[in-house]
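Inside the fold
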Amino acid sequence: MVRIQIDSTIDALDPQKWDQIVERDHIVSRHAYLKAIERAEINDCQFRYVTLQEGDRILAHTCVYSMTFPLDLFNGGLSKKAVDSVRTLWPRFLSTRFVECGTPVALGHTFSFAPDGNVRTLLSFLLEGIETVACSFRHKTILVRDFIEGDLGWAGDSFPTKGYGRVPNLPNTFLEIRWHSFDEYLASLKSKYRNEAKNHIMRAQKNSIRFENRANFENLAGELTRLWHQTYERPHEYRREILTPKYFEAMDSELGSQSGVLLAWKGVQLVGFSLYLLDDDTLRWQYSGMDYEVSREASLYFNLMYQLIELAIAAGKKAIEMGITSYSPKLQVGAAMEPLQMYLRHTSPLWHPVVVSLWRSFTKLPKGRISKEVFCLDPPTPRTLRRETPCC
């Protein structure tokens with residue numbers, strides 16, 4: 001008999017049984033990653049883990065958490081200024097506490113299904129569990145993240161029938177790895193972008209920037225947090241999660257060889273970093289931080305991207321996930337945009353269409369999906385064509 005189980009810590013669930021049904025190249029659903037995120041104490045998150053079990057076997061699972069969320073997260077321009085003005089008097093204006101399904105610091109859904117299960121049936125049970133979590137938190141809004149086009153067969157058939165409206169997230173970015181060396185990557189760029197890349201690299205060299213790839217970085221957690229805050233405090237179209245040293249400590253201690261940092265040094269001073277995860281086929285760029293006075297002179301952001309490209313090639317990865325925002329420099333190195341969809345539901349039939357409409361109106365999507373002028377040959381195919389859809 002299938003039963004729904006809800007736990008408040010991932011430690012209550014057996015790592016081997018949990019990971020047994022996680023699909024390939026989906027580290028954000030794995031036990032160790034979720035344990036790290038739980039330990040990281042992101043914002044005001046309270047986590048729950050919904051599993052479907054039959055006997056001692058896990059048939060399906062997902063990660064759910066409660067979190068304060070601004071409805072205008074992706075807002076910009078004059079309307080953002082107006083909302084910010086209201087918030088000086090009413091700090092919680094257009095903010096609500098959500099139940100969110102996914103993870104607070106990474107892109108991608110966290111649904112996993114046993115290969116011999118019926119995905120739509122199992123998903124229906126999981127949604128029942130998610131709504132039970134929302135009820136226990138007394139939250140009326142549920143947001144389920146993040147689906148690429150290849151997921152919309154099973155997800156798109158199921159969520160609307162349960163009263164969920166589809167809303168956009170900002171697009172993810174991916175760089176397909178098609179080269180055997182960094183020099184080969186540079187040679188594949190059109191002359192304009194190749195010259196720009198060489199100029200960025202030269203600026204780092206002139207400023208005596210030294211790059212280091214480090215697998216163990218727990219002892220640098222404080223410095224990484226300091227540099228990350230310099231990035232966070234700059235004007236951005238996206239601000240949500242706040243990182244502390246506990247995040248970096250947990251990424252190192254729980255993920256071991258599957259996590260690392262690229263460090264940028266100027267003498268003995270740490271001036272920049274990029275934290276990454278090594279998934280089965282994909283290098284996933286998580287966060288960066290840098291000293292912007294140094295970065296202006298040494299092109300740290302571009303050089304950290306080049307270092308990630310070189311690392312992904314050496315590690316034999318098929319792609320680099322570059323994440324949301326800062327689209328222009330990512331497109332300049334050849335990344336492609338990948339649309340992401342989410343599903344949103346307010347338990348009140350009266351408020352549901354209002355919340356969905358507000359989300360859609362506040363989400364300003366960037367134009368274009370891929371920089372077609374970067375490479376001498378045809379640009380890489382968007383990664384969405386590679387994702388396998390779970391068995392139905």
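From a predicted model like this one, the values you see are computed outputs, not experimental measurements. (Residues numbered from 1 in each chain as written. Predicted model: local features only at pLDDT ≥ 70, side-chain atom pairs only at ≥ 80, totals over all residues. Heavy atoms only, no water.)

A look at the packing of aromatic side chains
For any pair of aromatic rings, geometry is given as the distance between the ring centres together with the angle between the planes. Under the counting rule described, the total for this entry stands at 25 aromatic pairs. Taken together, the ring pairs connect Phe111, Phe113, Phe147, Trp154, Phe159, Tyr164 and Tyr343 into an aromatic cluster. The residue whose ring lies beneath Arg178 is Phe375, and the NZ or CZ to ring-centre distance is 5.1 Å. Of note, Arg345 hangs over the ring of Tyr164, and the distance from its end group to the ring centre comes to 6.0 Å. (Phe/Tyr/Trp six-rings, centres within 6.5 Å; stacked < 30°, edge-to-face > 60°. Lys NZ or Arg CZ within 6 Å of the ring centre and 35° of its normal.)

Side note on the nonpolar core
In this structure, Tyr33, Leu224, Tyr247, Phe248 and Met251 are the most contacted members of the largest nonpolar core, which totals 41 residues. Sorting the residues of this core by element identifies helix H2 (31–40), strand E2 (46–54), strand E3 (57–70), helix H8 (221–232), helix H9 (245–255), strand E9 (259–266) and strand E10 (269–278) as the ones contributing at least two each. Non-local contacts of Met251, meaning those with residues more than four positions away in its chain, are made with Tyr33, Ala36, Ile37, Phe217, Gly256, Ser259, Leu275 and Leu277. (Core = buried A, V, L, I, M, F, W, Y, C linked by side-chain atoms within 4.5 Å. Buried < 20%, exposed > 50% of the residue type's maximum accessible area, 1.4 Å probe, protein only. Helix = DSSP H or I, 4+ residues; strand = E, 2+ residues; numbered from the N terminus. Contact = heavy atoms within 4.5 Å.)

Focus: unusual backbone geometry
The phi angle at Ser208 is positive, at roughly 55°, despite the residue not being glycine. Mapping Ser208 onto the fold places it in the loop between helix H7 (191–206) and strand E8 (209–214). According to the relative accessible area criterion, Ser208 is exposed, its value standing at 53%. In the Ramachandran plot, Thr325 falls in the positive-phi region, its phi being about 65° despite a non-glycine side chain. Its place among the elements puts Thr325 in the loop between strand E12 (319–321) and helix H12 (327–332).

Details of the pattern of salt bridges
Applying the stated criterion across every chain yields a total of 15 salt bridges. For Arg24, the salt bridge identified is with Asp281, shortest N-O distance 2.9 Å. Of the two residues, Arg24 sits in the loop between helix H1 (15–19) and H2 while Asp281 sits in the loop between E10 and strand E11 (282–290), which places them 257 residues apart along the sequence. For Asp281, a relative accessible area of 12% corresponds to the buried category. Across the pair Glu321 and Arg284 runs a salt bridge whose closest N-O atoms are separated by 3.4 Å. You can see Glu321 sitting in strand E12 and its partner Arg284 sitting in strand E11, a full 37 residues away along the chain. Each member of the pair, Glu321 as well as Arg284, is classed as buried. (Salt bridge = Lys/Arg side-chain N within 4 Å of Asp/Glu carboxyl O.)

A word on the packing of H2 against H9
Running from amino to carboxyl end, H2 crosses H9 at an angle of 155°, the nearest separation of the two axes being 8 Å. Accordingly, the angle class assigned to the pair H2 and H9 is roughly antiparallel. Handedness of the H2/H9 crossing: right-handed. In this structure, H2 uses Ala32, Tyr33, Lys35, Ala36, Ile37, Arg39 and Ala40 to contact H9, whose residues at the interface are Lys246, Tyr247, Ala250, Met251, Ser253, Glu254 and Leu255. Looking at side-chain class alone, the contact of H2 with H9 contains nine nonpolar, one polar and four charged residues. (Axes fitted to C-alpha atoms, helices over the stretch in contact; angles between N-to-C directions. Parallel < 35°, antiparallel > 145°, perpendicular 65-115°, else oblique. Left-handed = near helix turned anticlockwise from the far one by under 90°. Nonpolar A, V, L, I, M, F, W, Y, C, P; charged D, E, K, R; others polar.)

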